[in-house]
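# Residue-level structural notes
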Amino acid sequence: AKVAPQATANVYDHLVCLREVDRALHAALEARLRPRPEWRTVTTQVVESFIRRVLAQEEPELERLAEARELAIRFQHDYDADLPESLSQAEKLLGDDAGPLRGEAL
């Protein structure tokens with residue numbers, strides 16, 4: 001099933017959708033299902049739209065950006081999804097908070 005937030009969803013609802021996508025994909029891997037190409041596309045699109053939305057805020061919420069960054073990198077690593085184009089902007093804004101994640105090379 002495709003999961004995408006409606007255009008009217010607020011930032012918090014959008015983040016809930018991202019977390020649900022993460023849980024669903026993790027459950028699929030646990031059941032030994034191979035990620036389908038469209039899953040990769042959807043995960044990239046959902047993370048991209050969320051990052052752009054947070055970056056567009058008057059005062060971007062760094063904690064939300066950090067979580068989106070972690071999800072984007074996990075999606076790339078676990079499901080071979082592309083990294084969102086706006087991730088580099090988020091990392092610049094995060095600065096020192098964009099340090100290595102669990103399992104990421106130092």
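Here, every reference points to the structure presented above.
Before going into details, it helps to say that this report is about the structure given with it. These numbers were taken from a predicted model, which means no experiment stands behind them.

### Details of the nonpolar core
As a rule of thumb, nonpolar side chains are buried together in soluble globular proteins. If you look at the biggest cluster of nonpolar residues, it comprises 21 residues, and the most contacted ones within it are Leu-18, Val-47, Phe-50, Ile-51, Leu-65 and Phe-75. Mapped onto this core, the elements with two or more residues apiece are helix H1 (11–30), helix H2 (37–55), helix H3 (62–79) and helix H4 (87–94). For Leu-65, the contacting residues outside a window of four places in its chain are Ile-51, Val-54, Leu-55, Pro-60, Ala-90, Leu-93 and Leu-94.

### Side note on the side chain of Thr-44
Along the chain, Thr-44 turns up in helix H2. By relative accessible area, which is 17% here, Thr-44 ends up buried. Not counting residues up to four positions away in its chain, the partners in contact with Thr-44 are Ala-81, Asp-82, Leu-83 and Pro-84.

### Observations concerning the pattern of salt bridges
For the coordinates displayed, the defined rule picks out 8 salt bridges. For Glu-91, the salt bridge identified is with Arg-69, shortest N-O distance 2.8 Å. Here Glu-91, found in helix H4, pairs with Arg-69, found in helix H3; they are 22 residues apart in sequence, far enough to count as distant. The network of salt bridges with common partners includes Asp-22, Glu-70 and Arg-74.

Thresholds, definitions, all that
- Residues numbered from 1 in each chain as written.
- Predicted model: local features only at pLDDT ≥ 70, side-chain atom pairs only at ≥ 80, totals over all residues.
- Heavy atoms only, no water.
- Core = buried A, V, L, I, M, F, W, Y, C linked by side-chain atoms within 4.5 Å.
- Buried < 20%, exposed > 50% of the residue type's maximum accessible area, 1.4 Å probe, protein only.
- Helix = DSSP H or I, 4+ residues; strand = E, 2+ residues; numbered from the N terminus.
- Contact = heavy atoms within 4.5 Å.
- Salt bridge = Lys/Arg side-chain N within 4 Å of Asp/Glu carboxyl O.

Geometric values such as these leave the question of function open.
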